[in-house]
Amino acid sequence: MQSASPAQGRKPSPLEALPVEIIQDIFLHCLEFNLPQATIYLNRALSDQILYTWLIRLACTSINTCARCNFFTPEYLPPPLDPFALTPTERGDLQS
């Protein structure tokens, strides 16, 4: 992963002071899709192929009843990502 540092000449926000792994974990818990647009540092911290893969799986995986039986392993979609926790509106927002 690329090393990202807050822009020189300004004090980093408390969020930017966290390790990239923590920022990514916060993003996965809140799924605030405007977060990467907040600063270039956060954008770089959240621009990760694995995050993209998990978000695509979260948005596009079927949530029919047969998928509730041990289909979503941590390797496929790690906690806290839960496709059954999204409303249809949230799923549509994620897809767009």
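Heads up: the structure comes first, above all this text.
All values derive from a computational prediction rather than experimental measurement. (Residues numbered from 1 in each chain as written. Predicted model: local features only at pLDDT ≥ 70, side-chain atom pairs only at ≥ 80, totals over all residues. Heavy atoms only, no water.)

## Let's talk about the nonpolar core
The following threshold applies: By nonpolar core is meant a set of buried Ala, Val, Leu, Ile, Met, Phe, Trp, Tyr and Cys residues that side-chain atoms within 4.5 Å join together. Throughout this description, buried means an accessible area under 20% of the type-specific maximum (1.4 Å probe, protein chains only), exposed means over 50%, and partly exposed covers the range between. Helix and strand assignments come from DSSP, with helices taken as H or I runs of at least 4 residues and strands as E runs of at least 2, each series counted from the N terminus. By definition in these notes, contact holds between two residues if any of their heavy atoms fall within 4.5 Å.
Core analysis: the biggest nonpolar cluster contains 19 residues, and Ile 23, Leu 31, Leu 46, Leu 58, Leu 81 and Leu 94 have the highest contact counts within it. For this core, the secondary structure elements donating two or more residues are helix 1 (20–30), helix 2 (40–46) and helix 3 (49–60). Each residue touching Ile 23, except ones within four places of it in the same chain, is listed here: Leu 15, Glu 16, Leu 18, Tyr 41, Leu 42, Ala 45 and Leu 46.

## Topic: the packing of helix 3 against helix 4 (residues 88–95)
What counts, and what does not: Orientation is described by lines fitted to C-alpha atoms, with helices fitted over the stretch in contact, and by angles between N-to-C directions that extend from 0 to 180 degrees. Each angle is binned into one of four classes, with values under 35 degrees roughly parallel, values over 145 roughly antiparallel, values of 65 to 115 roughly perpendicular, and all other values oblique. Handedness of each helix crossing follows the sense of rotation of the near helix against the far helix: counterclockwise by less than a right angle gives left-handed, clockwise gives right-handed. Here the term charged refers only to Asp, Glu, Lys and Arg, the term nonpolar to Ala, Val, Leu, Ile, Met, Phe, Trp, Tyr, Cys and Pro, and the term polar to all other amino acids, Gly among them.
Running from N to C, helix 3 and helix 4 cross one another at 135°; their axes reach a closest spacing of 9 Å. Relative to helix 4, the element helix 3 lies oblique. Between helix 3 and helix 4 lies a crossing of left-handed hand. For the pair helix 3 and helix 4, the contacting residues are Leu 55, Leu 58, Ala 59 and Cys 60 in the first and Arg 91, Leu 94 and Gln 95 in the second. Across the contact of helix 3 with helix 4, the residue classes tally to 5 nonpolar, 1 polar and 1 charged.

## Some points on helix 3
Applied cut-off: The span one expects for a helix is its residue count, reduced by one, times 1.5 Å. Within this analysis, the arc is defined by the directions that extend from the helix axis to the C-beta atoms.
Between the first and last C-alpha of helix 3 there are 16 Å, a value that for 12 residues agrees with the 16 Å anticipated at 1.5 Å per step. Among the residues making up helix 3, those that are buried are Leu 51, Leu 55, Leu 58 and Ala 59. When helix 3 is viewed along its axis, its buried side chains cluster within an angular range of 95° and face the same direction. In helix 3, the exposed residues that point more than 90 degrees away from the buried face are Gln 49, Ile 56 and Cys 60.

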